[in-house]
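# Structural description and commentary
So you can see what is in the structure, the chains are spelled out below.
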Amino acid sequence: MCELIINGGNRLCGEVKIQGSKNASLPILAATLLTDERCVIHNCPNISDTNTAFEILNDLGADVISLKDYVTVRAKKLCNDKIPQDLMGRMRSSVMFLGAILARCGTAVICNPGGCNLGERPIDIHLRSLRRLGVRICETNGCIFCSLGEKTAGEVTLLYPSVGATENIMLLCAGLDTSVRINNAAREPEIVDLQNFLNLMGADIRGAGTETITIYPSHRLHGCEYRVMPDRIVAATYACATAICGGEVSLVGAEPGHMRIVNAALCATGCEIKNNGSGILVCADSRPKAIEMIKTLPYPGFPTDVQPLLGAVLMTADGDSELCEAIFKKRFEYYSQLELMGADAEIKGSTLVIHGRERLFGTEVSAADLRGGAALIIAGLAASGTTVVNNVHYIDRGYESIERDLKLIGADIMRI
Ligand code: EPZ
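Thresholds applied
- Residues numbered from 1 in each chain as written.
- Predicted model: local features only at pLDDT ≥ 70, side-chain atom pairs only at ≥ 80, totals over all residues.
- Heavy atoms only, no water.
- Near = heavy atom within 4 Å.
- Polar contact = N/O pair within 3.5 Å; in protein donor to acceptor, adjacent residues only side chain to side chain.
- 1 Å grid on protein atoms, 1.4 Å probe; cavity = no way out; pocket = protein on both sides within 12 Å on 5 of 7 lines; lining within 4 Å.
- Sits in = over half its atoms within 2 Å of the grid points.
- Helix = DSSP H or I, 4+ residues; strand = E, 2+ residues; numbered from the N terminus.
- Axes fitted to C-alpha atoms, helices over the stretch in contact; angles between N-to-C directions.
- Parallel < 35°, antiparallel > 145°, perpendicular 65-115°, else oblique.
- Left-handed = near helix turned anticlockwise from the far one by under 90°.
- Contact = heavy atoms within 4.5 Å.
- Nonpolar A, V, L, I, M, F, W, Y, C, P; charged D, E, K, R; others polar.
- Expected span 1.5 Å × (residues − 1).
- Buried < 20%, exposed > 50% of the residue type's maximum accessible area, 1.4 Å probe, protein only.
- Pairing = 2+ DSSP bridges.
- Points joined across faces, edges and corners; volume = space filled by probe spheres on them.
- Lys, Arg positive; Asp, Glu negative; His and termini not counted.
- Salt bridge = Lys/Arg side-chain N within 4 Å of Asp/Glu carboxyl O.
- Patch = residues over 30% accessible without salt bridge, like charges linked within 9 Å, V, L, I, M, F, W, Y side chains within 5 Å.
- Areas by Shrake-Rupley, 256 points an atom, 1.4 Å probe, with all protein chains shown as cover.

### A word on the site of the ligand
Surrounding the ligand, one finds 24 residues, the nearest of these being Asp-124, Ile-125, Ser-162, Asp-305 and Ile-327. In the environment of the ligand, a nitrogen atom lies 2.7 Å from a nitrogen or oxygen atom belonging to the side chain of Asp-124. Contact between the ligand and His-126: an oxygen atom at 3.4 Å from a main-chain N or O atom of the residue. Judged by the proximity of its atoms to the pocket grid, the ligand belongs to the largest pocket. Breaking the shell around the ligand down by element, the ones donating at least two residues are helix H1 (22–31), helix H5 (124–132), helix H6 (163–174) and helix H12 (370–382). The element best represented in the shell around the ligand is H5, accounting for 3 residues.

### Structural notes on the packing of H5 against H6
The N-to-C vectors of H5 and H6 enclose an angle of 30°; their axes lie 8 Å apart at closest approach. When the axes of H5 and H6 are compared, the pair comes out roughly parallel. Note that H5 runs across H6; the crossing there is right-handed. In this structure, H5 uses Ile-125, His-126, Ser-129 and Leu-130 to contact H6, whose residues at the interface are Gly-164, Ala-165, Asn-168, Ile-169 and Leu-172. Each residue belonging to the contact of H5 with H6 can be placed in one class, and the counts come to 5 nonpolar, 4 polar and no charged.

### Side note on helix H8 (residues 232–245)
Between its terminal C-alpha atoms H8 stretches 20 Å, which fits the 20 Å expected from 14 residues at 1.5 Å a residue. Burial analysis of H8 places 14 of its 14 residues in the buried class, the great majority of the element. Where H8 begins, one side-chain oxygen reaches toward the backbone nitrogen of Ile-233, 2.9 Å away; that side chain belongs to Asp-231. Downstream of H8 by a residue or two, Gly-246 has a phi angle that is positive, lying close to 85°.

### So, the sheet that holds strand S12 (residues 212–216)
What the 4 strands build is an open sheet, ordered S9-S10-S12-S11; its pairing is mixed. Every other strand in the sheet has two partners, leaving strand S9 (155–157) and strand S11 (204–206) as the edge strands with one partner each. Taken pair by pair, the neighbouring strands of this sheet meet at an average axis angle of 15°, ignoring direction. With 3 bridges joining them, S11 and S12 adopt antiparallel strand pairing. Considered in S12, the bridge of Arg-206 is made with Thr-214. Against the sheet, H6 contacts S9, strand S10 (180–183), S11 and S12, and its axis sits at roughly 15° relative to S12. Where helix H7 (residues 189–200) meets the sheet, its contacts fall on S11 and S12, and the angle it forms with S11 comes to roughly 155°.

### Focus on the side chain of Asp-193
Assignment of secondary structure puts Asp-193 in helix H7. Of the polar contacts made by the side chain of Asp-193, one reaches the backbone nitrogen of Met-229; its length is 2.9 Å. Among residues more than four places away in sequence, those in contact with Asp-193 are Ala-24, Ile-28, Tyr-226, Val-228 and Met-229.

### Observations regarding the sheet that holds strand S4 (residues 63–66)
Here 4 strands make up an open sheet; going across it, the order is S4-S5-S3-S13 and the pairing mixed. Every other strand in the sheet has two partners, leaving S4 and strand S13 (225–227) as the edge strands with one partner each. Adjacent strand axes in the sheet meet at a mean angle of 15°, parallel and antiparallel pairs treated alike. With 5 bridges connecting them, strand S3 (residues 38–42) and strand S5 (residues 70–74) associate as antiparallel partners. Following the sheet pairing, Cys-39 is matched in S5 by Val-73. Along the sheet face, helix H2 (residues 48–60) touches S4 and S5 and points at about 150° away from the line of S4.

### What about empty space enclosed by the protein?
Using the criterion set out here, one finds 1 cavity of 30 Å³ or more in the structure. Size it by volume and the largest cavity reaches roughly 30 Å³. For the largest cavity, the full set of lining residues is Arg-232, His-258, Met-259, Ile-261, Val-262, Tyr-299, Pro-300, Gly-301 and Pro-303.

### Quick word on the side chain of Asp-231
Here Asp-231 is to be found in the loop between S13 and H8. Salt bridges are absent for the buried Asp-231, whose nearest opposite-charge side chain, Arg-371, sits at 4.8 Å. Residue contacts for Asp-231: discarding those within four places in its chain leaves Ile-18, Gln-19, Gly-20, Ser-21 and Lys-22.

### Some thoughts on a nonpolar patch on the surface
A cluster of nonpolar side chains, contributed by Ile-65, Leu-67 and Tyr-70, occupies part of the molecular surface with about 250 Å² of accessible area. Tracing the sequence through the fold places Tyr-70 in strand S5. What makes Tyr-70 partly exposed here is its relative accessible area of 31%.

### Concerning the environment of Leu-323
Summarising the element assignment, Leu-323 is placed in strand S18 (residues 320–324). A relative accessible area of 1% means that Leu-323 is categorised as buried. Between the C-alpha atom of Leu-323 and that of Thr-296, which follows or precedes it by 27 residues, the distance is 8.0 Å. Once residues within four sequence positions are removed from consideration, Leu-323 is found in contact with Ile-294, Gln-307, Leu-310, Gly-311, Leu-314, Phe-332, Tyr-334, Ser-350, Thr-351, Leu-352 and Ile-354.

### Some thoughts on the pattern of salt bridges
Applying the stated criterion across every chain yields a total of 21 salt bridges. Note that Arg-181 and Glu-155 form a salt bridge whose closest N and O atoms lie 2.8 Å from each other. Within this pair, whereas Arg-181 is found in strand S10, its partner Glu-155 is found in strand S9, the two being separated by 26 residues in sequence. With relative accessibility at 36%, the residue Arg-181 sits in the partly exposed group.

Remember that the coordinates give geometry; whether it matters functionally is a separate question.
Below, the structure is given as structure tokens:
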């Protein structure tokens, strides 16, 4: 298994290109099932989750060609409607294929998805929404059998603005000659990217980015060529690395409009953040300031995926901070590893109370999930001495090469 070795203490300077968005490319890859024509997708990140998505597409019968700068997918004919257990188990977003397979085949068989262990991650909102739209669903022995019935509802209201459930409904309905309104939809930028892709395929979807999305009847969907948005969580990762290490880093290709609240939080720690034409410039020249309280919320609120990353920064802040995690039940796993590095924090219900320490100390730590693993790296970059991060495969799910990017801006990090 790979490990990352980090010698902490370097200031970070220079520029780093931000990869394409994992959470936008995955539903877009699922959308390629809605046509028998070729789709060309640029800026699709080369990470293990997209490679798993390619395996799912191949297993369903699609032709996937992944080249350096783009991926082509052609689902000319599907050979089955089932996603095998081992592929479902590898990532949460495998559930995203459900709506697209159903729209293409009329039936679909999946089992409960896997993915990062962030606590209980049910798919009840997905299934309740699909049932409302007339899908017949039978759950036996961990498998979920779905088949399209008579459409029964012109609108569906989500009890919680679930990103995945919003995307699943868009994928199911974009391919049908039906109109549906989604109330209390998720508003993430990745949903807007999916709408843009589907509309380029010939769908007629409006409202993504707001809480009400309407899918109007459309004709047969066709192939298209599209460029995936930049990954706002990867950009936030390197912004947090700059905040904890000090320095001046340009995040090339980052979209300022996707990062407003993250940038505001980093400014509260004392960073100076400017839009510099090619992306975002992050400057930090002193020890981070504490943030009295910040709470994760659905977009446009503070993103849960950035909570561990900011948590690492605040572990070295001058004062006490409180991080309230309102989206996932188990997203503080990383702090027990940071405690091995000298961090001082405690969990009080869904809040992590952090007592900032001037210095963390390098030691051996283990990643337990994707963003928690990235938080350990951020802490190691500022710690004195050497930090060894194990279970790097979690981090490779979402970062093309985190050590390549960090080396570019001056970090002393290598993979063994
Ligand atoms: C997406 O996950 C992202 N993943 C996550 O990023 C991100 O943390 C999350 O949205 C929130 O922004 C992808 O897009 C591939 P949700 P998703 O459905 O769709 C509960 C990363 O690091 N819920 O909005 O799974 C759920 O348990 C990953 O890139 C139900 O209860 O998120 C959670 O508490 C981690 N029932 C909350 O809602 C459901 O049917 C948010 O889930 C669905 C969700």
